[in-house]
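# Structural features, examined
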Amino acid sequence: MTSKNVFGNLETEDQQRLRFQIELEFVQCLANPNYLNFLAQRGFFKDTSFINYIKYLQYWKEPEYVKFLMYPMCLYFLDLLQYEHFRREIVNAQCSKFIDDQAVLLWQHYTRRRTKLLYPDGFPQPETVLQEQPQNPTVQQPS
């Protein structure tokens, strides 16, 4: 089965699958500020074709595509890359290091904050969890 891609060219199913995989991998790489710095230092963010490609990749924010992402922070950076000011600043290694440090801090403290929200009174004890599980009425206990 063939279909037309964004550029109006016909693609086979294998070509579509390959393009999907390549774009998925690239979008997820955008979650790494050091990679963004690498791209900026090599002038990719000054190339209008590349900027248009970044705009095209906005479709990854749609629900049917976002479910494939393992690093949702990439969508935040995909949004930031729409702004010329961010593209100019990310070329600075100190800027990318600061962003990277902030991301690490977020990940380090995320679990602790989430745990406090889910269990404000502390973790439930295993006995409590076992007692709270509903009994299955169809299962007969042996006598």
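Here, the structure is the one placed above.
Presented here is an overview of the structure given in this document. (Residues numbered from 1 in each chain as written. Predicted model: local features only at pLDDT ≥ 70, side-chain atom pairs only at ≥ 80, totals over all residues. Heavy atoms only, no water.)

Turning our eyes to something else, we now look at the packing of aromatic side chains. The final tally for this structure, using the stated rule, is 16 aromatic pairs. Taking 5.3 Å as the distance between ring centres and 40 degrees as the angle between the ring planes, the aromatic pair formed by Phe20 and Trp60 counts as tilted. Taken together, the residues span a long stretch of sequence, with Phe20 in helix H1 (residues 13-29) and Trp60 in the loop between helix H3 (48-56) and helix H4 (63-66) at a distance of 40 residues. Exposure remark for Phe20: the relative accessible area of 24% places this residue in the partly exposed category. (Phe/Tyr/Trp six-rings, centres within 6.5 Å; stacked < 30°, edge-to-face > 60°. Helix = DSSP H or I, 4+ residues; strand = E, 2+ residues; numbered from the N terminus. Buried < 20%, exposed > 50% of the residue type's maximum accessible area, 1.4 Å probe, protein only.)

Attention now goes to the environment of Lys55. Position of Lys55 relative to the elements: it lies in helix H3. Taking the relative accessible area as the measure of exposure, Lys55 reaches 45% and is therefore partly exposed. For the pair Lys55 and Leu81, spaced 26 residues apart in sequence, the C-alpha to C-alpha distance is 8.6 Å.

Moving on, we get to H3. Taken together, the buried positions of H3 are occupied by Phe50, Ile51 and Ile54. One side of H3 carries all its buried residues, which in axial view fall inside an arc of 100 degrees. For H3, the exposed residues lying more than 90 degrees away from the buried face are Thr48 and Ser49. Lining the buried residues of H3 we find H1, helix H2 (33-41), helix H5 (73-80) and helix H6 (84-89). The distance from a side-chain oxygen at the start of H3 to the backbone nitrogen of Ser49 is 3.1 Å, and the residue carrying that oxygen is Asp47. (Arc of directions from axis to C-beta. Contact = heavy atoms within 4.5 Å. Polar contact = N/O pair within 3.5 Å; in protein donor to acceptor, adjacent residues only side chain to side chain.)

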